[in-house]
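A structural walkthrough
Each chain is listed here by its residues.
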Amino acid sequence: MLQLTGQIRYYAWGSLTAIPELIGTAPTGEPQAEYWLGAYPQAPATVDGIGLDQALVSHPEWVGDSVHDAFGDRFPVLMKILAADHPLSLQAHPNREQAEQGFADENRAKISLDDPTRVYRDDWPKPELLVALTQFDGLCGFRDPAATVDLFRGLGVGDSLDTVIGPLSKRKGPAALAEVFLDILSLDRPDHVDEVVRLAYNHYEDDTDLGLFARTAVDLNRCFPHDPSILAALLLNRIHLEPGQGLFLPTRTLHSYLGGVGIEVMACSDNVLRGGLTSKHISVDELIRVVDFTPSQVAPVATEVDGGFVRYVTPTPEFAVWRGELSSDPVPVPRTDSCRIALVVDGEAQLCHGETTLDLTMGQAVLIPFGEDATATGSATIFLCSPGV
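Residues numbered from 1 in each chain as written. Predicted model: local features only at pLDDT ≥ 70, side-chain atom pairs only at ≥ 80, totals over all residues. Heavy atoms only, no water.

With that settled, consider the packing of helix H9 (residues 191-200) against helix H10 (residues 209-223). Packed helices, taken two at a time, are described by their axes: the angle between them and the distance between them. Close contact between H9 and H10 brings their axes to 9 Å; oriented N to C, the two are set at 120°. In terms of axis orientation, H9 runs oblique to H10. Handedness of the H9/H10 crossing: left-handed. For the pair H9 and H10, the contacting residues are Val196, Val197 and Ala200 in the first and Ala214, Ala217, Val218 and Asn221 in the second. In terms of residue class, the contact of H9 with H10 is made up of six nonpolar, one polar and no charged. (Axes fitted to C-alpha atoms, helices over the stretch in contact; angles between N-to-C directions. Helix = DSSP H or I, 4+ residues; strand = E, 2+ residues; numbered from the N terminus. Parallel < 35°, antiparallel > 145°, perpendicular 65-115°, else oblique. Left-handed = near helix turned anticlockwise from the far one by under 90°. Contact = heavy atoms within 4.5 Å. Nonpolar A, V, L, I, M, F, W, Y, C, P; charged D, E, K, R; others polar.)

Below is the structure:
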């Protein structure tokens with residue numbers, strides 16, 4: 001077992017205090033949005049001062065043959081602490097085929113990796129799982145078009161908005177949503193969103209689906225005043241997570257995190273296609289190619305008991321995730337065909353392997369190499385991730 005130190009990522013939507021409180025550091029006055037614990041080359045965690053990406057190449061025996069066979073030299077999973085005090089942009093992530101094609105196309109076009117118009121930073125997919133540590137809110141996937149029309153009508157919008165949302169009534173399913181989404185991205189005046197926000201104030205306190213819809217509009221307008229892409233956000237399902245609940249985001253799913261602190265586990269990629277609520281580059285053509293406009297419902301991800309841990313049931317080969325609520329009774333750490341990353345998010349834990357014991361406090365993480373059996377005790381909440389193959 002080896003102590004693992006992550007890297008802080010500074011983005012404007014981050015929290016000033018949440019990550020420092022979790023990892024035991026002093027606030028810097030800057031918003032700290034993410035704490036990366038993985039082997040992504042641009043921000044790898046470190047083991048004994050060495051980047052985890054390089055350490056795993058130097059010690060392939062830590063990883064395991066099945067992961068090398070499936071993914072080559074890239075360790076496929078990235079764990080993060082995510083702390084959002086401000087809504088993130090509307091965004092989606094590509095599947096493997098889309099990422100490989102997009103990355104190759106931009107390389108052929110000689111677009112630099114640091115070019116702000118670059119979409120694909122690597123050739124990997126990026127499915128995600130977010131597990132709430134605090135109450136957490138987000139937007140995920142497209143709501144049924146008929147339900148969205150009813151919500152807009154419930155606000156009392158006038159006929160002028162029909163020029164934007166009309167296709168939701170006249171066409172069905174993905175075609176309607178794709179057309180409306182494209183139309184919203186082309187809006188260059190705030191008139192329509194200002195009307196929706198003005199009417200939404202009348203229902204802000206309602207304890208109904210319409211009230212939640214209204215609060216989404218008003219709260220987004222406070223962060224992104226007069227931004228027409230607020231209308232795009234209102235096409236999506238809203239979900240609330242209590243601590244311990246998880247949200248699985250398949251590739252191609254348009255989404256946004258609205259606020260809260262959580263553990264995010266994903267494939268080891270930094271591919272983000274933005275679709276609104278941002279001043280950054282939006283590649284409309286790529287969005288239409290990547291995003292799945294099929295209406296869906298959203299709910300917390302299923303879990304199953306795995307020994308003394310709870311496993312979040314996800315279909316991805318890139319990662320698997322467990323949560324353990326430890327006590328004084330030792331429980332085996334789930335064993336996989338690869339190394340595992342363990343992170344303590346509350347309390348104090350002891351991990352034991354043979355004659356070796358590591359005492360971990362909140363915010364500390366370890367790498368457990370392939371083949372090492374470990375047990376966990378303490379009074380703590382611990383998250384574990386590993387490749388999913």
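Relative to the assigned elements, Gly260 resides in strand S12 (residues 255-267). Overall, Gly260 belongs to the buried group, its relative accessible area being 12%. In this structure, the C-alpha to C-alpha distance between Gly260 and Pro250, residues 10 residues apart in sequence, is 20 Å. Once you skip the residues sitting within four places of it in the chain, Gly260 turns out to touch Leu82, Ala83, Ala84, Thr134, Gln135 and Phe136. (Buried < 20%, exposed > 50% of the residue type's maximum accessible area, 1.4 Å probe, protein only.)

This part is about the packing of aromatic side chains. Tallying each qualifying case throughout the model produces eight aromatic pairs. Taken together, the ring pairs connect Phe142, Phe181 and Phe293 into an aromatic cluster. Positioned over the ring face of Trp36 is Arg9, at 4.8 Å from the centre of the ring. Residue placement shows Arg96 over the ring face of Trp124; its charged tip is 4.8 Å from the ring centre. (Phe/Tyr/Trp six-rings, centres within 6.5 Å; stacked < 30°, edge-to-face > 60°. Lys NZ or Arg CZ within 6 Å of the ring centre and 35° of its normal.)

Of note, Tyr312 is situated in strand S15 (residues 309-312). On a C-alpha basis, the gap between Tyr312 and Gln245 in space is 9.1 Å, while along the polypeptide they are 67 residues apart. Side-chain polar atoms of Tyr312 contact the side chain of Arg323, separated by 2.5 Å. (Polar contact = N/O pair within 3.5 Å; in protein donor to acceptor, adjacent residues only side chain to side chain.)

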